[in-house]
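Listed below are the residues making up each chain.
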Amino acid sequence: MKISEIVAQKKLCLSMEVFPPKKQDALSSVVATAEEISSLKPDFISITYGAGGTTRSNTLELSQKIERTGTPALSHLTCVGNTKESVKAAIEDLKKAGIHNVLALRGDMPQDGTPLSKDLQHASDLIPLLKAEGFCVGGACYPEGHPESLNRIDDIENMKHKVDAGVDFLTTQMFFDNNMLYSYLYRLEAMGIHVPVFAGIMPITNSSQVSRMVKLSSAYIPSKLLSICDRFENNPEAMYQAGIAYAVDQIIDLISNGVKGIHIYTMNKPNVAKDIVSRIDAIVEATNK
């Protein structure tokens, strides 16, 4: 089923993300993880794509196995590491595998200086190829601005190019201050961007994640979350419980303020997904009545 169809039918959607292993012999373990997460009945599961397409075959296989559980799979596809010909081949593989939903991404720039394909510089170049083949296409967005954007205006203008290319919905990078998202949604509206937006929530369940998140995404870490990490960094059980509570608090606030899509970055931890869902399932059900 296409995600655009699901969004049209529901007032609130809940999705989750898993990442495939780099090595084939670890695939069965991740498949078990994905099946456990699928049992929670998310509206779809997003499957990431390794840097430079390094997990392409595992992404495809994992996507297939998730589809077989009855949960729609959102398979990632990047420009980086691909030529137009290899992208067309990947699209054919997705079609043959019965995948209907793709998240179109540029991907992280190669550290070795390898140039991008001349045909595929941005995600907006990839989107028309996918739309032409009938896929429901998602895109990534950045409430705090893309790291390479000159400023907020430039960032929103780039997002407009992506939406004009045919994106059906957007999923945000992780953020830890909901006001960042609300401000961003206003800017999207002002630019005439009205596609559904899934708010990306990353539960911080151990204090070492904070520095890693800042390094990876330059995300702003509110003082409340920093205080939690400082207080409980040496108590794993307490840190886990506090991190889940912080994520749940974010989600409840987002739903209360009319956000129609929540996307949980599970980090392949079914217990994290289960603990969050157990605290919001009645809220999600009540919202969708």
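Everything below is about the structure printed above this text.
Since the structure is predicted, the reported quantities are computational estimates derived from the model, not experimental observations.

Remarks on the pattern of salt bridges
Moving on, step 1. Enumeration over the complete set of coordinates arrives at 7 salt bridges.
Moving on, step 2. Its salt-bridge partner being D168, residue K131 comes within 2.9 Å of it at the nearest N-O pair. Within this pair, whereas K131 is found in helix α5 (residues 123-132), its partner D168 is found in the loop between α6 (152-164) and β6 (169-172), the two being separated by 37 residues in sequence.
Moving on, step 3. In this structure K131 comes out as partly exposed when scored by relative accessible area, which is 31%.
Moving on, step 4. The partner of D249 in a salt bridge is K224, with the nearest N and O atoms 3.7 Å apart. Placement of D249 in helix α10 (residues 236-256) and of K224 in helix α9 (residues 223-232) is noted, with a sequence separation of 25 residues between them.
Moving on, step 5. Among the residues examined, D249 registers a relative accessible area of 43% and is labelled partly exposed.
Moving on, step 6. Assessed through its relative accessible area of 49%, K224 is described here as partly exposed.
Moving on, step 7. Counted as one network, the salt bridges with shared partners bring together E92, K95 and E133.

Side note on the nonpolar core
Moving on, step 1. Counting residues in hydrophobic clusters, the biggest one holds 35 residues, and the most contacted among them are L62, I66, I251, L254, I262 and I276.
Moving on, step 2. With 7 residues, the top contributor of residues to this core is α10.
Moving on, step 3. When residues no more than four places from it in sequence are discounted, the contact partners of L62 are V18, F19, P20, V30, V31, A34 and I47.
Moving on, step 4. Y49, L77, V102 and C141 belong to the second largest nonpolar core, which has 30 residues in total.

Rules behind the numbers
- Residues numbered from 1 in each chain as written.
- Predicted model: local features only at pLDDT ≥ 70, side-chain atom pairs only at ≥ 80, totals over all residues.
- Heavy atoms only, no water.
- Salt bridge = Lys/Arg side-chain N within 4 Å of Asp/Glu carboxyl O.
- Helix = DSSP H or I, 4+ residues; strand = E, 2+ residues; numbered from the N terminus.
- Buried < 20%, exposed > 50% of the residue type's maximum accessible area, 1.4 Å probe, protein only.
- Core = buried A, V, L, I, M, F, W, Y, C linked by side-chain atoms within 4.5 Å.
- Contact = heavy atoms within 4.5 Å.

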